[in-house]
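# Fold and geometry: a report
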Amino acid sequence: MKHKDIVVSGIRPTGNLHLGNYFGAMKNFLKMQETNECNFFIADYHSLTTHPKPGDLQGNVKQVLVEYLAAGLDPEKATLYLQSDIPETAELYLFLNMNAYLGELQKVTTFKEKARKQPENVNAGLLTYPTLMAADIIIHRATKVPVGKDQEQHLEMTRTFARRFNRMYKVDYFPIPTAYNFGEQLVKIPGLDGSGKMGKSEGEGNAVFLVDDPKVIRKKVMRAVSDAGPTEMNQKKPEAIQNLFTLLEVVSKPDVVSYFDDQYNNCNIRYGDLKKQLAEDMIAYTEPFRERIKELDSNEEYLKKVMDMGAEKARASAQQTLRDCREIIGFRKIY
Ligand code: TRP
């Protein structure tokens, strides 16, 4: 039997999960947790770069935990933990920083963007974000990292830092992790604003969040961008309309989709009807998530148990790595 891949991925504790996240990253995670040794963590160390207040930080962490559990991450299958519960990460980050160079860190796209957007807070944590991310990954000697396009450069640096450590100490210790993606098999979820994909940065009305209550979903869907309707039979759908159909395909029954498709092709479609149907089907689709979110949200005891269990497992793996690293570097044994 081929031994399992060790997977690591971090989740930034910002914002609610929307349908786009669910059908994107989340479905990936759900698949992976079935077949691999997965480590999914909430990246709360990373979030310090923006200086959150303690109360906000805790609130965001809890919200992310609740929503990811509600969406199906299973603490019995994957190791789910908080990054800051594994202080060994900070130690490995320190080691890696000794071999991370100002020039290469300054060249990172996300750093340049952040520095431009928040010139008043260009802190060292922002600069060394890629070394912290590398530490997150190699602390479990991971082989696979599910990442989106925006994180590819960070993963490339992780590979560089892992190789550099191996070379520096003439060891073959860290595996060189690779990107993991079911990208092609996934539906890209469009937003409601007529173009592009669903995302929270595109404005509040563009995304449907799993926590949105039915009233909010109806309002957002009814306001979705459409047009004056087709003028010829079997006309190609413009992007905004195709987007509504793509969403319908995701949450509605096939006969509903083909009903509206026929209506469109015959030029007697009423977008108001389509949107009403889409809203109701979205509400039905997201209902179980909302219920689980509500349940989990009030179950502090269970959430604590999940975090404790994750911390214990993740820490055992991290400490093994640090034990080895300290020995390789020439430090005393303390773990
Ligand atoms: N940088 C990632 C993001 O912005 C989050 C992250 C932190 C991460 N550490 C990681 C992702 C390790 C994968 C592996 O989304």
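Rules used throughout
- Residues numbered from 1 in each chain as written.
- Predicted model: local features only at pLDDT ≥ 70, side-chain atom pairs only at ≥ 80, totals over all residues.
- Heavy atoms only, no water.
- Salt bridge = Lys/Arg side-chain N within 4 Å of Asp/Glu carboxyl O.
- Helix = DSSP H or I, 4+ residues; strand = E, 2+ residues; numbered from the N terminus.
- Buried < 20%, exposed > 50% of the residue type's maximum accessible area, 1.4 Å probe, protein only.
- Near = heavy atom within 4 Å.
- Polar contact = N/O pair within 3.5 Å; in protein donor to acceptor, adjacent residues only side chain to side chain.
- Areas by Shrake-Rupley, 256 points an atom, 1.4 Å probe, with all protein chains shown as cover.
- Nonpolar A, V, L, I, M, F, W, Y, C, P; charged D, E, K, R; others polar.
- Domains from an automatic or database assignment.
- Contact = heavy atoms within 4.5 Å.
- 1 Å grid on protein atoms, 1.4 Å probe; cavity = no way out; pocket = protein on both sides within 12 Å on 5 of 7 lines; lining within 4 Å.
- Points joined across faces, edges and corners; volume = space filled by probe spheres on them.
- Phe/Tyr/Trp six-rings, centres within 6.5 Å; stacked < 30°, edge-to-face > 60°.
- Lys NZ or Arg CZ within 6 Å of the ring centre and 35° of its normal.
- Pairing = 2+ DSSP bridges.
- Right-handed = clockwise from strand over helix to strand, strands pointing away.
- Axes fitted to C-alpha atoms, helices over the stretch in contact; angles between N-to-C directions.
- Parallel < 35°, antiparallel > 145°, perpendicular 65-115°, else oblique.
- Left-handed = near helix turned anticlockwise from the far one by under 90°.

In this structure the tally under the stated criterion is 16 salt bridges. Of the charged contacts, one joins Lys62 and Asp297 as a salt bridge, the two residues approaching to 3.6 Å between their closest N and O atoms. Here Lys62, found in helix α3 (residues 54-70), pairs with Asp297, found in helix α13 (residues 271-297); they are 235 residues apart in sequence, far enough to count as distant. Given a relative accessible area of 23%, Lys62 falls into the partly exposed group. When its relative accessible area of 38% is taken as the criterion, Asp297 is described as partly exposed. We note a salt bridge from Arg326 to Glu91, for which the minimum N-O separation is 2.6 Å. On the criterion of sequence distance, the pair formed by Arg326 in helix α14 (residues 300-329) and Glu91 in helix α4 (residues 88-97) is long-range, its members being 235 residues apart. Residue classification places Glu91 among the buried residues on the basis of a relative accessible area of 17%. Salt bridges here are not isolated pairs; linked through shared partners, they connect Glu34, Asp74 and Lys77.

Turning our eyes to something else, we now look at the site of the ligand. Taken together, Val8, Ser9, Gly10, Arg12, Phe41, His46, Tyr129, Met133, Asp136, Ile137, Val145 and Gln151 are the residues near the ligand. In the environment of the ligand, a nitrogen atom lies 2.8 Å from a nitrogen or oxygen atom belonging to the side chain of Tyr129. In the environment of the ligand, a nitrogen atom lies 2.7 Å from a nitrogen or oxygen atom belonging to the side chain of Asp136. Surface burial for the ligand is 93%, taken as the share of its 370 Å² of free accessible area covered by protein chains. Where the shell around the ligand is concerned, the elements lending two or more residues are β1 (6-11) and α8 (129-138). Top contributing element to the shell around the ligand by residue count: α8, with four residues. Split by residue class, the shell around the ligand holds six nonpolar, four polar and two charged.

To continue, consider the domain arrangement of the chain. Here the domain parsing of the chain yields domain 1 (6-187 + 299-329) and domain 2 (204-294). Domain 1 and domain 2 are separated by 35 Å when their C-alpha centres are compared. Counting residues at the interface gives twelve residues for domain 1, matched by 13 residues for domain 2. Our enumeration of links across domain 1 and domain 2 arrives at zero salt bridges. Of all the elements in the fold, those that place two or more residues in the side of domain 1 that touches domain 2 are α1 (19-35) and α3. Per-element tally for the side of domain 1 that touches domain 2: the top contributor is α1, with four residues.

Another aspect to go through is empty space enclosed by the protein. If a probe as big as a water molecule is rolled over the atoms, it shows which places are left empty. Summed over the entire model, instances satisfying the criterion amount to one cavity of 30 Å³ or more. Estimated volume of the largest cavity: approximately 70 Å³. The element contributing the most residues to the lining of the largest cavity is α3, with four residues. Residue classes in the lining of the largest cavity are distributed as twelve nonpolar, no polar and no charged.

As a volume, the second largest pocket reaches approximately 170 Å³. Forming the boundary of the second largest pocket are Val61, Lys62, Leu65, Glu300, Leu303, Lys304, Met307 and Asp308. Of all the secondary structure elements, the ones that give two or more residues to the lining of the second largest pocket are α3 and α14. Tallying contributions element by element places α14 first for the lining of the second largest pocket, with five residues. Within the lining of the second largest pocket, the residues separate by chemical class into four nonpolar, no polar and four charged.

Right, let's talk about the packing of aromatic side chains for a bit. Taken as a whole, this structure holds twelve aromatic pairs when the rule is applied. On the numbers, 5.0 Å between centres and 70 degrees between planes, the contact of Phe165 with Phe174 is edge-to-face. Here the two residues Phe165 and Phe174 agree in accessibility, since each one is buried. Note on Tyr173 and Phe174: the rings are 4.9 Å apart at their centroids and 70 degrees apart in plane angle, and the pair reads as edge-to-face. Among the aromatic residues, ring-to-ring pairing joins Tyr22, Phe23, Tyr285 and Phe289 into one connected group. Over the face of the ring belonging to Phe245 we find Lys237, whose NZ or CZ atom lies 4.5 Å from the ring centre.

With six bridges connecting them, β1 and strand β2 (residues 37-42) associate as parallel partners. Residue pairing in the sheet places Gly10 in a bridge with Phe41 of β2. As for the winding sense of the linkage, the β-α-β connection from β1 through α1 to β2 is right-handed.

With that settled, consider the packing of helix α12 (residues 254-265) against α13. The N-to-C vectors of α12 and α13 enclose an angle of 165 degrees; their axes lie 11 Å apart at closest approach. Here α12 lies roughly antiparallel to α13, going by the angle between them. Relative to α13, α12 is oriented so that their crossing is left-handed. Residues Val256, Phe260 and Tyr264 of α12 form the contact with α13, whose participating residues are Tyr271, Asp273, Leu274, Gln277 and Asp281. In terms of residue class, the contact of α12 with α13 is made up of five nonpolar, one polar and two charged.

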